[in-house]
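Residue-level structural notes
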Amino acid sequence: MKKLYVHMIGNAHLDPVWMWTWPFGLDEAINTSRTMLELLDEFPDLMVTRGEAWLYDSVRRIAPDIFIKIKKRVEEGRWAVVNGWWIQPDTNHISPASFIKQGEIGGAWFREHLGVSVRTGYQVDSFGHAAMIPSFLRKAGMVNYIFGRPGSEIFELPANLFNWSSPDGKTVMAFRIERSYCSRNLDGLKSNIDAAISTANREVGHTMCFYGIGDHGGGPSRSQIEWIISNRNYSRDIELVFSHPDMFFEKVRRTKVKLPDYCGEMQFSMPGCHSVMHRVKQQNRQAELLASQADAIIKKFPELAPEGSAARVQEAWTRILFNQFHDILAGTSIELAYEHSRDEIGLAKTMTREIIVDIARRKMLELGGDPHQRIILQNIADLPFSGWVELEPWLGNIKPEDPVTFLDESGKKLPSQQLAGSAAEIKMRRFLVHVEISAFGRKVIRLQYKSQGSLDSDIERRKNRLGNKFVQFSVSPKSISGILRNKLSYIRRNGIRILALEDKSDTWGSNTANFSFNGKMLGEFRSTDGWKFIENGPLRATLACEMFLEKSSLMLKVSLCAEDPVIRISMRLLNNGSHRVLKMMIPPAFKILKRLDGVPGCRIERPLDGKEYPIFNEIHLIGEKQVMSLVSKDVFGADVQPDGEMRLTLLRAPTYVHDVNFSTGLPDKLIYPSTDQGEHHFEISLIPSFSRKDALALADKEMTMQSDPIWHAEFTKGMPK
């Protein structure tokens, strides 16, 4: 048999945040680095591996003497740098822009401070891997990838060493770690070696085994190193060699052995991570959008950007990227860690919002004077916008019944509808208008205190029912009971409901059956007072009700706009309950042939298997002649049952950082709090259509509208008093 070389990868798995907050993660980064340097001095053949720009940057800032020694070892080739990203992020719930920024900012840091271009991606602890990761890695200059989850007992791959391709055809050489990326003692070390040998490709003749104390840092121990040295010749045809990942991948390439291929995502590691800690996922998505918009507007109008804007946006991005660390964004850290995360994400949002406001208003000031009060709408995105915008201009002390008319640039009346203001104070009035604005374009709207006259509308209203020329829906005390388009039914008679299911799984959802939340039904939200119209105008009508389930409540609004096929649902959910999952059930009335889900960077087909998947913005249920689409940046996990029922996971409420592998029974809630209590907001759009092509086009338009790219201001230069 061909000789097998087991590349022994000494590493220290270090979570900067988990059962501790980041200052203590920083302490351990410094302690671990010092220890690894001492071991490198003691054992001349030893090599160590470490990734993540954040960790190196922290050591450089706090302990520059240690960093200088690390840099020297990197230059010697004994300290290997992997993972050219800022951190090891959650790879299911960050945007394509975030993936790119992880590589841009992380890669630039390594080139500037260590003089290396990182070749190996390294996500040994993340909870699943999105389909487009090979493409994002290649964009960042990385050609290899190492991961640990999902393990071979959960997810079948053609081999642990394979070529992984993304749907756009980009490929990296990938390696799955068998058993564990760390070893806490000699028994663990031996078990890792045996697992690596048992799954090795003997034709290649090389495999990797990871060892070292991990989680809260540590790295290779002296006893582990000495044992490896004493057992180099593990058997007649197996040799243990101190190595690092780049050396391993280079040896594999030199063999020219054809490796098996795999294309697609790798999931089912920890299904609870897709929905727990809803707020941090929602805040991350909002921060990503603001930072991306700030980048775009600086690039488009650099002459209007305040001095230092690009650097400030990059600083904001580093805060966003750090808080995408998998134990933060996935919802598996202690409660105090989320106070820190909230503050840091809030700071990033403030920094980017200030830059957008400055540039947008400087651009708007290019306009000359005008005798009318004006509202200037600026599209700060590189995509055209066609959709609904709500405006709330200051109208002074006019009476609530006084008319207001909006005029476009040509003086033509722009249809509008008065809405309830953000403040209950009657001086504030809100208006709905439909606008079309080119990429980075603007629209000027003038106000007149005259009646706009009556407006034609295709909205039809009946008790508990709304419709227009495209779509109709009806409601009942506990559901959206029907959706029709061209007389075709889109949901079954039991309707769209929100249920509570028992969930005794831990924070990660690691002990769920079949990776799905199917606990016994605890109840469903139901209205006692029924529905009423809270908006009833020519451009938009809205039915609303308040629903209850035990101590929890739900303010539910369902809206339909004129000549628009989209049903928009707004929810304000007050959750007061532990160890349960809240699911929105959407049962289609037609046979589902395919399911198409959004993931970061693309759409992929998934089976109707009832398993919990991460969701990025959209789900499409495709039948022979009908498609039901869902678009939301506020929903992060869902399953689709074999009969086609779509079940959105709105909230989960396990105990913070509860792992069933290390405890029995449910923790005492008087001591250990539950996640996801209190108020949560959701905006969800349902789009019934007739073809996949139409569904995707409408979904793209709706996602653009949900990204809020239209910023507006009021300028009154020249307006008579």
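Everything that follows concerns the structure shown earlier in this document.
Rules and cut-offs
For every chain, the first residue of the written sequence is number 1, and numbering continues from 1 along that sequence. The predicted origin of the model limits local features to residues at a pLDDT of at least 70 and limits the giving and counting of side-chain atom pairs to 80 or more, whereas totals for whole chains, interfaces and linings rest on all residues. Side-chain measures here rest on the full set of heavy atoms in the structure, leaving out hydrogens and waters. Under the scheme used here, helices are H or I runs from DSSP no shorter than 4 residues and strands are E runs no shorter than 2 residues, and both carry numbers assigned from the N terminus. Note on method: radius of gyration uses C-alpha positions; expected globular size equals 2.2 Å times residues raised to 0.38. Buried, partly exposed and exposed residues are distinguished by accessible area as a fraction of the type maximum, computed with a 1.4 Å probe on protein chains only: under 20%, between the cut-offs, and over 50%, respectively. Should any heavy atoms of two residues lie within 4.5 Å, those residues are considered in contact. Here the Shrake-Rupley method, with its probe set to 1.4 Å, supplies the accessible areas, and only the displayed protein chains count as covering residues. In this tally, Asp and Glu contribute negative charge and Lys and Arg positive charge; neither His nor the terminal groups of the chain are included. For charged residues, the charge sits on one atom: NZ in Lys, CZ in Arg, CG in Asp, CD in Glu. The patches reported here contain residues having more than 30% relative accessible area and no salt bridge. Joining distances are 9 Å for like charges and 5 Å for nonpolar side chains (Val, Leu, Ile, Met, Phe, Trp, Tyr). Definition used for salt bridges: Asp or Glu carboxyl oxygen within 4 Å of a side-chain nitrogen of Lys or Arg. At least two bridges found by DSSP between two strands are what make those strands a pair. Each axis is a line fitted through C-alpha atoms, and for a helix only the stretch in contact is used; angles between axes span 0 to 180 degrees, taken between their N-to-C directions. Helix span is expected to be 1.5 Å times the residue number reduced by one. N or O atoms within 3.5 Å of each other form a polar contact, as long as, within protein, one can give a hydrogen and the other can take it, and as long as residues adjacent in sequence are counted only when both atoms are side-chain atoms. Handedness of a crossover is defined as follows: with both strands directed away from the viewer, a clockwise route from the first strand across the helix to the second makes it right-handed. Orientation is classified from the angle alone, with under 35 degrees giving roughly parallel, over 145 giving roughly antiparallel, 65 to 115 giving roughly perpendicular, and any other angle giving oblique. Residues are grouped as follows: Ala, Val, Leu, Ile, Met, Phe, Trp, Tyr, Cys and Pro are nonpolar; Asp, Glu, Lys and Arg are charged; every other residue, Gly included, is polar. The distinction between a cavity and a pocket rests on a 1 Å grid over the protein atoms alone: a 1.4 Å probe fits inside a cavity but cannot get out, while a pocket stays open yet meets protein on both sides within 12 Å along at least five of seven lines, and a residue with an atom within 4 Å of a point counts as lining. Grid points are joined across faces, edges and corners, and a volume is the space filled by probe spheres set on the points.

1. A short note on the overall build of the protein
- Counting secondary structure elements, the protein contains 13 helices and 40 strands.
- Relative to the 2.2 N^0.38 estimate, which gives 27 Å for 721 residues, the radius of gyration of the protein is 28 Å and therefore close to what a compact globule would have.
- Seen through its principal axes, the protein has C-alpha atoms that stretch 90 × 55 × 50 Å.
- Residue burial in the protein is summarised as follows: out of 721 residues, 61% are buried.
- Sequence separation of at least 24 residues holds for 74% of the intrachain contacts in the protein that already meet a minimum separation of 6.
- Within the structure as shown, the protein displays about 29100 Å² of accessible surface, and the carbon and sulfur contribution to it stands at 50%.
- Between the mean site of the 93 positive side-chain charges and the mean site of the 87 negative ones, the protein shows a separation of 4 Å.

2. Quick word on a positive patch on the surface
- Side chains of Arg119, Arg138, Lys139, Lys170 and Arg253 sit close together on the surface and give a patch of like positive charge.
- Of the residues examined, Lys139 reaches a relative accessible area of 60% and is grouped as exposed.

3. Observations concerning the sheet that holds strand S13 (residues 385-391)
- Spatially, the 3 strands line up as an open sheet ordered S13-S17-S16, and their pairing is antiparallel. Two strands close off the open sheet at either side, each with one partner strand: S13 and strand S16 (416-419). Here the strands of the sheet are splayed against their neighbours by 30° on average, with no regard to which way each runs.
- Bridging between S16 and strand S17 (residues 430-437) involves 4 bridges; their strand directions are antiparallel. Looking across to S17, one finds that Gln417 is bridged to Leu432.

4. Considerations on the sheet that holds strand S34 (residues 613-614)
- In spatial order, the strands read S25-S24-S31-S38-S37-S34; together these 6 strands make up an open sheet with antiparallel pairing. Two strands close off the open sheet at either side, each with one partner strand: strand S25 (521-524) and S34.
- Bridge count for strand S37 (residues 637-640) against strand S38 (residues 646-652) is 4 bridges, and the pairing is antiparallel. Counted as the bridge partner of Asp639 is Arg647 from S38.

5. So, helix H10 (residues 309-322)
- Under the 1.5 Å per step criterion, the end-to-end length of H10 is 20 Å for 14 residues, consistent within 8% with the ideal 20 Å.
- Residues Ser309, Val313, Ala316, Trp317, Thr318, Ile320, Leu321 and Phe322 constitute the buried set of H10.

6. Overview of the side chain of Thr120
- Checked against the element boundaries, Thr120 lands in strand S4 (residues 120-123).
- Note on Thr120: relative accessible area 0%, which makes it buried.
- A distance of 2.5 Å separates the side chain of Thr120 from the side chain of Asp246, its partner in a polar contact.
- Not counting the four nearest positions on each side in its chain, Thr120 is found in contact with Val82, Asn83, Gly84, Met142, Asn144, Ile146, Pro245, Asp246 and Phe249.

7. A word on the pairing of S4
- The two faces of S4 match: Thr120 and Tyr122 on one face and Gly121 and Gln123 on the other face are all buried.
- This β-α-β element, S4 to helix H5 (residues 133-139) to strand S5 (residues 144-147), shows right-handed connectivity.

8. A look at the pattern of salt bridges
- Scanning the model with the defined rule gives 45 salt bridges in all.
- Here Glu390 ties to Arg540 by a salt bridge, and the two come within 3.0 Å at their closest N and O atoms. Residue Glu390 is found in strand S13, and its partner Arg540 is found in strand S28 (residues 540-549); the two are separated by 150 residues along the sequence.
- Of the charged contacts in the structure, one is a salt bridge between Glu605 and Arg692, with a shortest N-O distance of 3.8 Å. Here Glu605, found in strand S33 (residues 602-605), pairs with Arg692, found in helix H13 (residues 692-706); they are 87 residues apart in sequence, far enough to count as distant.
- Taking relative accessible area as the criterion, Arg692 reaches 37% and is therefore assigned partly exposed.
- A single network of salt bridges, built from pairs that share partners, joins Glu390, Glu392, Arg430, Glu535 and Arg540.

9. Thoughts on the pairing of strand S22 (residues 479-485)
- Most of S22 sits out of view: 5 of its 7 residues are buried.
- The sheet contact formed by strand S21 (residues 472-476) and S22 spans 5 bridges and is antiparallel. Pairing of Phe473 across the sheet is with Ile483, part of S22.
- Sheet analysis places S22 next to strand S23 (residues 488-489), joined by 2 bridges and oriented antiparallel. Residue pairing across strands places Leu484 opposite Ser489, the latter belonging to S23.
- Here S22 folds back onto S23, and the loop between the two strands holds 2 residues, one of which, Asn486, carries a positive phi near 50°.

10. What to know about the packing of helix H1 (residues 22-42) against helix H2 (residues 53-62)
- Packing of H1 against H2 leaves a shortest axis separation of 10 Å and a crossing angle of 80°. As the angle between them shows, H1 and H2 are arranged roughly perpendicular. Two secondary-structure elements touch here, H1 through Trp22, Gly25, Leu26, Ala29, Ile30 and Ser33 and H2 through Trp54, Leu55, Ser58, Val59, Arg61 and Ile62.
- Residues of the contact of H1 with H2, tallied by class, amount to 8 nonpolar, 3 polar and 1 charged.

11. A word on the environment of Pro607
- The topology assignment puts Pro607 in the loop between S33 and S34.
- Through-space distance from the C-alpha of Pro607 to that of Val640 is 8.1 Å; in sequence the pair is 33 residues apart.
- Sequence-distant contacts of Pro607, that is, excluding residues within four places in its chain, are made with Arg595 and Tyr613.

12. Focus: the layout of surface pockets
- By volume, the largest pocket is sized at about 1800 Å³.
- Looking at the largest pocket, it is lined by 49 residues, and the ones nearest its centre are Glu390, Arg430, Ser570, Glu683 and Asp708.
- A class-by-class count of the residues in the lining of the largest pocket yields 22 nonpolar, 13 polar and 14 charged.
- One number sums up the size of the second largest pocket: a volume of about 1200 Å³.
- As for the second largest pocket, its lining consists of 35 residues, and the residues nearest its centre are Pro96, Ala97, Leu289, Ser292 and Leu383.
- Counting residues per element, the ones that place at least two in the lining of the second largest pocket are helix H4 (96-113), helix H9 (278-300), strand S32 (594-599), S33 and H13.
- Of the residues belonging to the lining of the second largest pocket, the class tally is 14 nonpolar, 9 polar and 12 charged.

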